[in-house]
Number of protein chains: 2
Amino acid sequence: MAERTLPQKTAAPRQPFVLRLASLARLSEPELDLLSGLGGREAHRPGDELSVAGDPARRPRFIVSGWATNQHILSDGRRQVFSFALPGDGLGVYPRMTPPALYTSIAHTPMVTVDATPFLDAVRTAAMPGLVKAFTAVARLEDKMLLDQILRLGRQTAYERVAHFLLEIDDRLAAVGLSDRRRFPLPLTQEILADALGLSVVHVNRTLQQLRRDGLIEWRSGQASLLDRDLLMNVAEYHTPGRKPL
Amino acid sequence: MAERTLPQKTAAPRQPFVLRLASLARLSEPELDLLSGLGGREAHRPGDELSVAGDPARRPRFIVSGWATNQHILSDGRRQVFSFALPGDGLGVYPRMTPPALYTSIAHTPMVTVDATPFLDAVRTAAMPGLVKAFTAVARLEDKMLLDQILRLGRQTAYERVAHFLLEIDDRLAAVGLSDRRRFPLPLTQEILADALGLSVVHVNRTLQQLRRDGLIEWRSGQASLLDRDLLMNVAEYHTPGRKPL
DNA sequence: CGGGGGTTTGACGAACGTCAATCGGGGTGG
DNA sequence: CCACCCCGATTGACGTTCGTCAAACCCCCG
């Protein structure tokens, strides 16, 4: 585990949001430097509110580590998770950041974030074209994820939903170097998964067991494995981002 | 139908997209003129493809009249309608318009559209601040609608979904002068409504009957009425845009 | 006076939810 | 180091919502 301490320039593991943005647009040295230099590091504990629907937007942040949920709770307690915010994702960055936040964001695990204001400023002033391009690309992907979520909830079975969801998470984590395309961290409870996929905890549990019995996945102690990616993609009709749907 | 030909300046009914944008930002005379002057008028027939997922984006357009669906169809025929495009809405305007379209748009009724390119150019060059502000506001609203759709599909019952949906449509049509907040055109089949709300046609039918029996709505020959707005909003936990959720 | 698309109805079945109890494992305090 | 605890996972029994199939109905139109 101990990392080399040699005086290497770029071999040090990049922050996840740098990897994410760099994978979407060719970034110049000054652009990479701006990102790598982001500060205002903060830690958050599970349950911390990172933004509240209707409240004035807070300072935009990038996630260094940890998972958050973007969600809404109905008056009788039913909860819907719109999306997850993973390492490398922004909080209040891409969604139109005009004042009132569209949803509530809650830290689901311990998290570390940094201040993304310098990044947004650079995008606003169009000073750095690579960052602007990356910004646009990420915003598109976020929209795509919302549409995928609608498809899952509206027209897929529980089995398909779980498969589709796991494939999406795997892709997103791979983009920031947290998945080797086989195994990746999945620090979720079945309850949150249920609230994201529009199911009950019990049904999520049974669906997961079915997927395990079918030899498609494994999931123990926060680590998930996709044992048959092709079959999963087939089942879920999942198309990896970038490839045309048909 | 024949329009007055008197030399009136602003009394002629505004195009719906002018109303929509003007309701979201104070627009200057030049800005209003740019919008009113948009040309490239085109007619579309039901079933026409206005954009295809994965295809390079077409020329952005504003809808003058008619309804379209933004949708995706699974390989076995299941269809999910992500959202509807109504008069005043844009096609390929607000969603990040970078090349590949995120979804397929199909004309559901006869439609008339105009070319929105001059509008987008003005926004891109930031030449007209009112238009930029309106653009941002509409983009936000479109995101909000996707989130509402997720909430409906994930955590609401059929009854609540239909109520919520009708309230949203009413609000949107009212913004372009097509609803008097009681009665509005609803040129949909129950089948499309089913595909939008993640239900079967049969169940939509039964849900509508329940809503009728409860004295909440009417819907005959393409005209819908909300008979008890307050109760509907209560049932659906619908919050009119602009008001804080809690 | 036929058609044809959309709506409505009934009977039945499957997917998923609820309730409640049990299990399991990892963290913690003694 | 061990017993206890607690949260989350799991299981079973049962209920409900919603889907499917298929037929009838209705209306508008040619």
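Residues numbered from 1 in each chain as written. Chains lettered and ligands numbered in written order. Predicted model: local features only at pLDDT ≥ 70, side-chain atom pairs only at ≥ 80, totals over all residues. Heavy atoms only, no water.

A. Structural view of the protein's contact with DNA strand D. Neighbouring DNA strand D are 15 residues, the closest being Gln190(A), Asn205(A), Arg206(A), Gln209(A) and Ser200(B). A distance of 3.2 Å is found between a phosphate oxygen of DNA strand D and a backbone nitrogen or oxygen belonging to Ala158(B). One of the side-chain nitrogen or oxygen atoms of Ser200(B) is found 3.0 Å away from a phosphate oxygen of DNA strand D. Sorting the residues of the surface near DNA strand D by element identifies helix H7 (201-213) of chain A together with helix H7 (201-213) of chain B as the ones contributing at least two each. By residue number, the principal contributor to the surface near DNA strand D is H7(A), which donates 5 residues. Partitioned by chemical class, the residues of the surface near DNA strand D number 4 nonpolar, 8 polar and 3 charged. (Near = heavy atom within 4 Å. Polar contact = N/O pair within 3.5 Å; in protein donor to acceptor, adjacent residues only side chain to side chain. Helix = DSSP H or I, 4+ residues; strand = E, 2+ residues; numbered from the N terminus. Nonpolar A, V, L, I, M, F, W, Y, C, P; charged D, E, K, R; others polar.)

B. Seen up close, the pairing of strand S5 (residues 79-85) of chain A. Residue and element names in this part refer to chain A. Of all 7 residues in S5, 7 are buried, a share of seventy percent or more. For strand S4 (residues 68-73) and S5, the ladder comprises 6 bridges, and the chain directions are antiparallel. Residue pairing for S5: Asn70 is matched across the bridge by Ser83. Counting the residues in the hairpin turn of S4 and S5 gives 5 residues, including Gly77, whose phi is positive at 105°. (Buried < 20%, exposed > 50% of the residue type's maximum accessible area, 1.4 Å probe, protein only. Pairing = 2+ DSSP bridges.)

C. The packing of helix H6 (residues 190-197) of chain A against H7(A), seen in detail. Residues and elements named next belong to chain A. Interhelical geometry of H6 versus H7 gives an angle of 100° and a closest axis separation of 8 Å. Considering their axes alone, H6 and H7 lie roughly perpendicular with respect to each other. Note on element contacts: H7 touches H6 through Val201, Val204, Asn205 and Leu208, opposite Gln190, Glu191, Leu193 and Ala194. Looking at the contact of H6 with H7 residue by residue, the classes come out as 5 nonpolar, 2 polar and 1 charged. (Axes fitted to C-alpha atoms, helices over the stretch in contact; angles between N-to-C directions. Parallel < 35°, antiparallel > 145°, perpendicular 65-115°, else oblique. Contact = heavy atoms within 4.5 Å.)

D. Representation of the environment of Arg26(A) within the structure. Residue and element names in this part refer to chain A. Relative to the elements of secondary structure, Arg26 occurs in the loop between helix H1 (16-22) and helix H2 (29-36). Taking C-alpha positions, Arg26 is 37 Å from Arg155, a pair spaced 129 residues apart along the chain. Beyond its immediate sequence surroundings of up to four residues, Arg26 is in contact with Glu31 and Gly130.

E. Layout of the sheet that holds strand S11 (residues 223-226) of chain A. All names here are of chain A. Taken in spatial order, the 3 strands line up as S9-S11-S10 in an open sheet, and their pairing is antiparallel. Where the open sheet ends on each side, the last strands, each with one partner, are strand S9 (183-185) and strand S10 (217-220). Neighbour-to-neighbour, the strand axes of this sheet turn through a mean angle of 20°, independent of strand direction. Two strands pair when backbone bridges link them, and S10 and S11 are joined in this way by 4 bridges, in the antiparallel orientation.

F. Just the relation of the copies chain B and chain A, in detail. Relative to chain A, chain B is turned by 180° and slid 0.0 Å along the rotation axis, the superposed coordinates differing by an RMSD of 0.0 Å. A rotation of that kind, with that shift, is consistent with a two-fold axis. With an isologous cut-off of 70% or more, the 100% of interface residues of chain B that recur at the interface of chain A puts this contact in the isologous class. (Least-squares fit on C-alpha atoms with pLDDT ≥ 70 in both.)

G. Region of the structure containing the pattern of salt bridges. With the rule as written, the count across this model stands at 34 salt bridges over all chains. Across the pair Arg229(A) and Asp170(A) runs a salt bridge, and its minimum N-O distance is 2.7 Å. Taken together, the positions of Arg229(A) in helix H8 (residues 229-236) and Asp170(A) in helix H5 (residues 158-175) put the pair 59 residues apart, joining distant regions of the chain. Here Asp170(A) falls in the buried class, since its relative accessible area comes to 0%. Between Arg181(B) and Asp171(B) there is a salt bridge, with the nearest N and O atoms lying 2.7 Å from each other. Here Asp171(B) lies in helix H5 (residues 158-175) and Arg181(B) lies in the loop between H5 and strand S9 (183-185), a separation of 10 residues in the sequence. Salt bridges linked by common partners bring Arg20(A), Asp89(A), Arg152(A), Glu168(A) and Arg172(A) together as one network. (Salt bridge = Lys/Arg side-chain N within 4 Å of Asp/Glu carboxyl O.)

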